Amino acid sequence: MDIKYNLKPASERRTEQFTPEGNVGFGKLRTDHMFLMDYRDGQWCDPRIVPYGPFEMAPGAMTLHYGQSIFEGAKAFMHDDGEIYTFRLNMNAQRMNRSADIVCIPNIDEQMQLDAINALIDVDRNWFPMQEGACLYIRPFIFATEDRLSVSPSQQYTFCVMLSPSGAYYSSGGVNEGIRLLITTKFHRAVSGGTGASKAAGNYAASLRAGKAAAEYGAAQVLYLDANNQQIEEVGAMNHFHILKDGTIIIPKFTDTILQSITSKSILELGDMLGCEVRQETVMLDKFIADIESGEIIEAGGFGTAAVVSPVTSYIFEDHRVITVGDGKVGPHIQKIYKVFTDIQKGLTQGPEGWVKRVERVAP
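What you see is a predicted model; the values in this text were computed from it and never measured. (Residues numbered from 1 in each chain as written. Predicted model: local features only at pLDDT ≥ 70, side-chain atom pairs only at ≥ 80, totals over all residues. Heavy atoms only, no water.)

Asker: Got a minute to help me understand the overall build of the protein chain in this structure?
Answerer: Helix and strand content of the protein chain: 8 helices and 18 strands. For 364 residues, the compact-globule formula gives about 21 Å, and the C-alpha radius of gyration of the protein chain, at 21 Å, lands near that figure. Reported as C-alpha extents along the three principal axes, the dimensions of the protein chain are approximately 60 × 55 × 35 Å. When burial is assessed residue by residue, the protein chain has 52% of its 364 residues classed as buried. When contacts within the protein chain are restricted to residue pairs at least 6 apart in sequence, those whose partners lie at least 24 apart make up 72%. Only carbon and sulfur atoms are counted for the fraction: they give 48% of the accessible area of the protein chain, which is about 16,400 Å². (Helix = DSSP H or I, 4+ residues; strand = E, 2+ residues; numbered from the N terminus. Rg over C-alpha atoms; globule rule 2.2 N^0.38 Å. Buried < 20%, exposed > 50% of the residue type's maximum accessible area, 1.4 Å probe, protein only. Contact = heavy atoms within 4.5 Å. Areas by Shrake-Rupley, 256 points an atom, 1.4 Å probe, with all protein chains shown as cover.)

Next comes the structure, spelled out in structure tokens:
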């Protein structure tokens, strides 16, 4: 892929390493540039890196009316050698295309996606925030741009990648605080045959009302059930998991109503490093509740890109009944999962081959 570089003048872009005085937060900042590529006449074309800024879009652009848009989320980390490394980015590229298939967006060759992201990181590598636990958050997304009001797949799209210099998700440097989830039978994230297995923008818009309801119960997010209110599916922005008293990690089986978290899929491959069994199974709500109350389940939480692991220490029902997991504190298994996983990302521990890849220095 022949990428065109239309960069800001050196006097207008960051030329020294970003060294913030305090935690920069997560997802708030932007770097100097973004990657763009267009789809027209049946092919992806005109790959380019340009200054970060507004899009020019027709009011009739189909994404604005019919929500034909998908996105991804990944991270890059600076290792002790001073180089930046991405984490399992190929899996994000694969998932982007799975999402594209579900909402009728043309696929982008996986290597083209990787080349685009790596080129942008290379250009803006000075934006990596030099502080403990920091990362470059990577946001690739595709949206429909054809100016047409009939309901059908667009014939034109834009692929964009932007970067967000982000600090540690947990300000304490570790997973020390648990959250509460609302178990709801009123709201449902997805039904079989829908778009639940994709990172479609509309899925997240549809979650806002449920998230607002969760806040009214003092919960951070919603734990969604299947349409029959019998099985546990996933949390609003994470895959759910729980841990049995023998240390076994249980993740609900992936279905077409669950987004396959790359963090979850990675944990499934790390059983040996974690020293425990990790498996997937159908999780029935009644048994899940009974196992918490009996002490068979000792820890629980969510897996996702932003936080890696979000410990869940209690659940609240719509009748305001609360059940507490274990002793109500963040347990040692979750602490270990978090450390093993983040140490691999940061290059402090050798992970499986190919999980981290160095961003080559090729920018003009």
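There's more to say after this.
Asker: I would appreciate a short explanation of the packing of aromatic side chains in the present structure.
Answerer: Two aromatic rings are characterised by how far apart their centres lie and by the angle between their planes. Tallied over the entire structure, the rule returns 15 aromatic pairs. Considering the side-chain rings of Phe-87 and Trp-355, the 5.8 Å spacing of their centres and the 90° angle between planes classify their relative orientation as edge-to-face. Of this pair, Phe-87 sits in strand β6 (residues 84-87) while Trp-355 sits in the loop between α8 (332-345) and β18 (356-358); the two residues are 268 residues apart in sequence, bridging distant segments of the chain. Across the pair, Trp-355 and Phe-87 agree in class, each one buried. Chaining the aromatic ring pairs together yields one cluster made of Phe-35, Tyr-39, Trp-44, Tyr-157 and Phe-159. Across the ring face of Trp-127, the terminal group of Arg-14 is positioned such that the distance to the ring centre comes to 4.4 Å. (Phe/Tyr/Trp six-rings, centres within 6.5 Å; stacked < 30°, edge-to-face > 60°. Lys NZ or Arg CZ within 6 Å of the ring centre and 35° of its normal.)

Asker: I would appreciate a short explanation of the nonpolar core in the present structure.
Answerer: The nonpolar side chains of a soluble globular protein tend to be buried, and buried together. In this structure, Phe-35, Trp-44, Ile-70, Ile-121, Ile-138, Ile-142 and Phe-159 are the most contacted members of the largest nonpolar core, which totals 37 residues. At the level of elements, β2 (33-40), β3 (43-51), β5 (74-78), α2 (89-102), α3 (110-123), β7 (135-144) and β8 (157-166) are the ones that each hand at least two residues to this core. It is α3 that contributes the most residues to this core, 7 residues altogether. Setting aside residues no more than four positions away along its own chain, Ile-121 makes contact with Ala-76, Ile-84, Thr-86, Leu-136, Ile-138, Leu-163 and Val-359. (Core = buried A, V, L, I, M, F, W, Y, C linked by side-chain atoms within 4.5 Å.)

Asker: I'm lost on the pattern of salt bridges in this one. Help?
Answerer: Two side chains that carry opposite charge are able to pair once their charged atoms sit near each other. As enumerated under the stated definition, the model contains 20 salt bridges in all. Members of the salt-bridge network, linked through shared partners, are Lys-4, Asp-38, Arg-40, Asp-46 and Arg-48. (Salt bridge = Lys/Arg side-chain N within 4 Å of Asp/Glu carboxyl O.)

By themselves these figures say nothing about function.
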